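# Residue-level structure breakdown
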Amino acid sequence: MFKKALYISASQFAVRNVLKTTTTGVNSLTPVFSSLSTVKRLASTNSNISSSDAIEKETFVSTDNVVADSKDAFTTTSTNEKKNDIEKKDTPELLEKLDENVHIDSLKDANLLDASIHKALDRQGFRTLTPVQSKAIIPILSQVDSDIITRAKTGTGKTLAFLIPIFQHLVKTRRESQYMVRAIIVAPTRDLAIQIENEIEKVFYKNNYGLQKFETQLLIGGTNLRESIKRMEKKRPNIVVATPGRLKDVLSDERVAKRFFKFVDFKVFDEADTLLEVGFREEMEEISDMLNEINENGLNHIRTLLFSATFNDKVEALSNKLMRKENNTFIDTVDENEPEVQEKVDQHVTITSNLALNILSSLEYIKKNMDTQNSKIIVFCPSTKFTSLYGTLLTKVSEGKFPVYTLHGKLQQNTRTNIVARFKKQDTNNSRGNRNRNSNNTSGGVLVCTDVGARGMDYPNINQVVQVGVPTKLANYIHRIGRTARAGKTGKSMLFLTKAETNFLDALSEIKQVTIENQQKVSSFEDEQIKDVVCKVLAKDIDLTDEAFTTILGFYKGVTKEYRLNFEHLCKDVGLSYTELLRERDIDGDKEEGEENEDKKLYIPQSFVKNVIQVPNRRLVQWFNLGKFVKIEDNGFENKNNRFNNSRGSFNNKFNNRYNQRGSTRYNNSERGSNNRNSDNNYGSSNRNSDNNYGSKYRRKGSGKNPSFHDDY
Ligand SMILES: Nc1ncnc2c1ncn2[C@@H]1O[C@H](COP(=O)(O)OP(=O)(O)OP(=O)(O)O)[C@@H](O)[C@H]1O
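Values in this document were obtained by computation on a predicted structure and should not be read as measured data.

## Notes on the site of the ligand
Close contacts around the ligand come from 20 residues, with Gln133, Lys158, Thr159, Asp458 and Arg486 the closest. Within the backbone of Gly157, a nitrogen or oxygen atom sits 3.2 Å from an oxygen atom of the ligand. Between the ligand and Thr159, the relevant distance is 2.7 Å, taken from an oxygen atom to a side-chain nitrogen or oxygen of the residue. Here the ligand loses 87% of its free accessible area of 650 Å² to cover by the protein chains. The leading source of residues in the shell around the ligand is helix 9 (residues 158-172), at three residues. For the shell around the ligand, the class distribution of residues is four nonpolar, nine polar and seven charged.

What follows is the structure, encoded as structure tokens:
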């Protein structure tokens, strides 16, 4: 039996149209399959048919058929009260009323929404559904033989698009397997998992409409595994929100798995394209296999729901391994020739001559914005160390006039949770006159973070996204800027790119059809005050500065291929920008006697040079200060006059220790689960994302314990 792929395009599956077709019985619509190749792949990757078979037999279902399928499903389910009490007679009437702003009353009237859920939504002010909710809720509830892939732009309400039908399903089947997990929601980061759990608490539990009896439990890394299992025993949750590593840990204990997870009906992958990429994918496959094997209702019982704002061909092909239903329904709210990017974001790019200028200009830009209006800004940086450094720089530049938060994957989980909660509460509505840093009344603020904050996070009222350099992957540009312009609002984004990074714009335009029309160039920097602050901070914490600049090189190594960047140009820029910024320090009178500018070149450990950079030595000598270190490491020769032996020698040790620690976490840690605790979402701590060509090549060539820096966020 081959899989039937239903494709529901944005324009064609406006529910209004669906209803019209149903009631008139006339197929007036010609479906546009914007992702024809995708649907083909979904069909053709199915195991036991030849690809020609697949292409021939794949079933593209027009909106008519979709309605017919839904109606059938409604009919089937309406006869089975236990499963669903949607009555056939209700559906045409309901469908007649449906358009892209479906009112929740119509769902309730059609018995698609229980009164308790209706009240909960109403109390939150969610009276009409967003388009993705309108399009996804009915198929999730009714197409019991389909797995579902849903693509909708950032900030359009995908979370409730899967939570509403999950709660509806729980209410309608409440007498079945009451003390068992019925739905699992997997998110790639802990912060996102926490946010989803909070959303459940806020929307479905807060006002006590009897929905609390469907308990939810969070299973994420960075928390005590035994405690989590104990809590499960006490709570007997019906919904689990998890990150992959911790979920796999829990399921790996067969006794625990069978005790709680034998009756799962739904598994939802939020940010599914990330979860299906190499690194996460193996874990997701193992999780799916474990869940299928223990399911009392059979190997093919669990329905898989994939949600994201971005999908690519590879991911959709891979998803077939995880989806076992006969049909795949692709609900697409993005039109055929439309980019996936949220069009309500006003996109800008500033191209600077080099990294030094990129740092200075972006700081100046943020400061100006914060000085002139009540902004709430999120700033994305490449690596954890660079993020820390940038956060410190911005804090100094702010002069205490606006709060600056820093978030990345290497912070303790409770610190992360705290920062996310505080930034969410940060308000932009108060007048500047009322600003008081010691009260919760501050207006505006800036969150500096890595790509750990790029996906899914819903910070209210972000009016601007600033990116200092390229993201960790192309799709993340779309997710990063999607932190603004959410829930119908507008927003602005500013991308700061160095000259050496500009090919990124071509990749973005060719692969994601996103063109940034507002471009400006910066080749000099006038604000002496900011320059002064930056140079002083860099010079003061030379270890952090060294690490921040070095990790950028590793980061670049991981993205060079995808963005078609020239790695030599990038290396040169990093080395010379570092030198430039520290030379400024000398201008301020900090230069040590007899010290040459050459000594300000970025120190690069030898192992790093060998494994990551791999450009001709004569160039490296020009850009980086590595000669002396090569000598020290190779011959054990200590030059007492070499200042690196003192202050920077410590960095050398720290750096190598860090490598070893990371290596041992990944490969040697025998404590069960600790490997995965890092890997479930803390991209920075695992090597999971080093699947990029450079990263893996580099690991194969090396000893196996040098990490790629691509995932250092
Ligand atoms: N029906 C609705 N009416 C009004 N607001 C809504 C509705 N549904 C969701 N929202 C709000 O819209 C915002 C964005 O929702 P959500 O975080 O689910 O977006 P998303 O599509 O998952 O975005 P991303 O792709 O970034 O993860 C949230 O603040 C949410 O409360």
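Read on for the rest.
## So, the packing of helix 18 (residues 384-398) against helix 22 (residues 528-540)
Packing of helix 18 against helix 22 brings their axes to within 10 Å, and their N-to-C directions diverge by 135°. The orientation of helix 18 relative to helix 22 falls into the category oblique. Seen along the crossing, helix 18 lies across helix 22 with a hand that is right-handed. Counted together, Leu389, Thr392, Leu393, Lys396 and Val397 of helix 18 and Ile530, Val533, Val534, Val537 and Leu538 of helix 22 form the full contact between these two elements. Of the residues that constitute the contact of helix 18 with helix 22, the class distribution is eight nonpolar, one polar and one charged.

## Considerations on the packing of aromatic side chains
All told, the structure shown has 13 aromatic pairs when counted by the stated rule. Each ring, one from Trp623 and one from Phe624, has its centre 6.3 Å from the other, and the planes form 90°; the classification is edge-to-face. Each member of the pair, Trp623 as well as Phe624, carries the same accessibility label: buried. Feature note: the residues Phe167, Phe204 and Tyr205 constitute an aromatic cluster, connected by ring pairs.

## Some points on unusual backbone geometry
Not every positive phi belongs to a glycine, and Arg236 is a case in point at roughly 45°. Judged by its relative accessible area of 14%, Arg236 falls in the buried class. The phi dihedral of Asn461 falls on the positive side, at around 60°, and the residue is not glycine.

## Some thoughts on the domain arrangement of the protein chain
Split by domain assignment, the protein chain resolves into domain 1 (5-332) and domain 2 (340-588 + 598-713). When domain 1 packs against domain 2, the two sides together hide about 3000 Å² of surface, and 43% of this comes from carbon and sulfur. For the pair domain 1 and domain 2, the number of links is six salt bridges. Among the salt bridges present, the one from Lys473 reaches Glu277, with a minimum N-O distance of 2.7 Å. Put simply, domain 1 and domain 2 have 17 residue pairs in polar contact (both at pLDDT 80 or more) between them. Taken together, the elements giving at least two residues each to the side of domain 1 that touches domain 2 come down to helix 10 (190-205), helix 12 (244-252) and helix 14 (272-275). Broken down by element, the side of domain 1 that touches domain 2 gets its largest block of residues, six residues, from helix 12. Here the side of domain 1 that touches domain 2 is built from residues that sort into 10 nonpolar, 15 polar and 11 charged.

## Re the pattern of salt bridges
For the coordinates displayed, the defined rule picks out 30 salt bridges. Residue Lys248 pairs with Glu286 through a salt bridge whose shortest N-O separation is 3.4 Å. Linking Lys248 in helix 12 with Glu286 in helix 15 (residues 281-294), this pair joins segments that are 38 residues apart in sequence. Taken together, the shared-partner salt bridges connect Arg151, Asp332, Glu340 and Lys512 into one network.

Rules of the game
- Residues numbered from 1 in each chain as written.
- Predicted model: local features only at pLDDT ≥ 70, side-chain atom pairs only at ≥ 80, totals over all residues.
- Heavy atoms only, no water.
- Near = heavy atom within 4 Å.
- Polar contact = N/O pair within 3.5 Å; in protein donor to acceptor, adjacent residues only side chain to side chain.
- Areas by Shrake-Rupley, 256 points an atom, 1.4 Å probe, with all protein chains shown as cover.
- Helix = DSSP H or I, 4+ residues; strand = E, 2+ residues; numbered from the N terminus.
- Nonpolar A, V, L, I, M, F, W, Y, C, P; charged D, E, K, R; others polar.
- Axes fitted to C-alpha atoms, helices over the stretch in contact; angles between N-to-C directions.
- Parallel < 35°, antiparallel > 145°, perpendicular 65-115°, else oblique.
- Left-handed = near helix turned anticlockwise from the far one by under 90°.
- Contact = heavy atoms within 4.5 Å.
- Phe/Tyr/Trp six-rings, centres within 6.5 Å; stacked < 30°, edge-to-face > 60°.
- Buried < 20%, exposed > 50% of the residue type's maximum accessible area, 1.4 Å probe, protein only.
- Domains from an automatic or database assignment.
- Buried area = accessible area lost by both parts, 1.4 Å probe.
- Salt bridge = Lys/Arg side-chain N within 4 Å of Asp/Glu carboxyl O.

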